[in-house]
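# Working through the structure, step by step
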Amino acid sequence: MASPTPPLTTHPESLKRLLLEARWIKTLHYSDRGQGTRFLFKENERLPAFEELSLRSYDWNHSVDEVRKHWDFSQLRHLTLVDVPMFPFLSSVPFEKLHQLHTLHFEDSSTHLPDRCREVTRSIYVLTRQIEALHTLKIICHTEVFPVCGLVRHAESLQILSFRDFVGFGDERQRCPTLRVDDLSRLSRNLVSLHSLELDMDAVLCEPALFLGGLCKFPELDTLVLHTQTVLDPFETVYDGVDPDYEIAMESFAILMNGKQGRPWRSITINVGGWKPVMVRRISEAWQELNRRGIYAERCFVLERKGGTGEITIREEMAVGNSYG
């Protein structure tokens, strides 16, 4: 059951009544905005045993006792939490009730509390160690406190992995934690079924050629999304006709294409500077001046191989966002 537009969850009580009456429902996609809303339960109310649960901007504030009485995770296979208070969720749900998950997608909304964020990351790690066999894992967390053995735990089953740090690349003055090349090599040796991967690569914190070489060693990997930082400095002269982010992206494509082992690439995306399809660009005066000249920190380059002919195409994706003129 997917939430309509506008979201039905603006009236959680009516949605809750529907769910309580329709015990056959196996899928719930709950989508709100901002801090969000949540269900308020009466004593004998218990939701169906969902197989797929997606909560976006759900204000999770349920106690351990409320979870035990009103939620049933016994059949759950796919769990997505985006902009949900992660600490209350992980503190109230017994991890043994989630051991059968196939898909786990967490995007932590508590990054404004660094200490709590680290605690949440450690809890996610503990949870991944208890899940039997994940097929899909997508998490934004404190990657530096998430040991890679939590990923290797699912070596035989993991097919899709997105492992990103909450720092990201929205501010060129910040450094985004990046996997050590040794850890990347360990993952390439162990994740033998992985076919889709999304990672951060801060060129200041690694040797890019070695990092890219490590990405080439995953035997079944054919789809890659790599997030990087712009090399532009808004306080230095940027000459018209010179495009260093484009040049670095093309060099990276060349290294990845020439070095690939095992299954050939189907798609490579290089996301620069925190690009999004719909976005608000950097708002400092220096960046606004560059934006007026058509020079942006946020870029997205995509390399694709056509299935029938094997022809390689490269394009730049264009964003819809604020402009200055």
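In this report, we go over the structure that sits alongside the text.

### Section: the nonpolar core
- Counting 74 residues, the largest nonpolar core has Phe 39, Trp 60, Trp 71, Leu 79, Phe 106 and Leu 215 as its most contacted members.
- With six residues, the next largest nonpolar core counts Trp 287, Leu 290, Ile 295 and Ala 297 among its residues.

### Structural notes on the side chain of Arg 282
- Within the fold, Arg 282 resides in the loop between β10 (278–279) and α9 (285–292).
- Looking at Arg 282, its side chain comes within polar contact range of the side chain of Gln 229, at 3.3 Å.
- Only 3.1 Å separates the side chain of Arg 282 from the side chain of Glu 298, close enough to count as a polar contact.

### So, the pairing of strand β8 (residues 223–228)
- Taken across its six residues, β8 has five buried, putting it largely inside the fold.
- You can see the chain leave strand β7 (residues 196–200), run along helix α7 (residues 208–215) and come back into β8, and the turn it takes is right-handed.
- Handedness of the crossover is the feature at issue here: the chain leaves β8, passes through helix α8 (residues 244–259), returns alongside strand β9 (residues 267–272), and the resulting connection is right-handed.

### Examining the state of the cysteines
- Summed over all chains, the structure comprises zero disulfides.
- Considering cysteine sulfurs only, Cys 117 is the nearest to Cys 141, which forms no disulfide, with 7.6 Å between them.
- With relative accessibility at 1%, the residue Cys 141 sits in the buried group.
- The structure places no disulfide on Cys 176, whose sulfur is separated from the nearest cysteine sulfur, that of Cys 206, by 11 Å.
- Here Cys 176 falls in the buried class, since its relative accessible area comes to 0%.

### What to know about the side chain of Thr 128
- Checked against the element boundaries, Thr 128 lands in helix α4 (residues 114–130).
- For Thr 128, a relative accessible area of 0% gives the class buried.
- Not counting residues up to four positions away in its chain, the partners in contact with Thr 128 are Leu 104, Leu 137, Phe 146, Gly 150, Arg 153 and His 154.

### Remarks on the packing of helix α6 (residues 181–190) against α7
- Packing of α6 against α7 leaves a shortest axis separation of 9 Å and a crossing angle of 10°. The orientation of α6 with respect to α7, classified from their angle, is roughly parallel. Here α6 contributes Val 181, Leu 184 and Ser 188 to the contact with α7, which in turn contributes Leu 210, Phe 211, Gly 214 and Leu 215.
- Considered class by class, the residues forming the contact of α6 with α7 number five nonpolar, two polar and no charged.

Rules of the game
Residues numbered from 1 in each chain as written. Predicted model: local features only at pLDDT ≥ 70, side-chain atom pairs only at ≥ 80, totals over all residues. Heavy atoms only, no water. Core = buried A, V, L, I, M, F, W, Y, C linked by side-chain atoms within 4.5 Å. Buried < 20%, exposed > 50% of the residue type's maximum accessible area, 1.4 Å probe, protein only. Helix = DSSP H or I, 4+ residues; strand = E, 2+ residues; numbered from the N terminus. Polar contact = N/O pair within 3.5 Å; in protein donor to acceptor, adjacent residues only side chain to side chain. Right-handed = clockwise from strand over helix to strand, strands pointing away. Disulfide = S-S within 2.5 Å. Contact = heavy atoms within 4.5 Å. Axes fitted to C-alpha atoms, helices over the stretch in contact; angles between N-to-C directions. Parallel < 35°, antiparallel > 145°, perpendicular 65-115°, else oblique. Nonpolar A, V, L, I, M, F, W, Y, C, P; charged D, E, K, R; others polar.

Shape is all these values report; function is a separate question.
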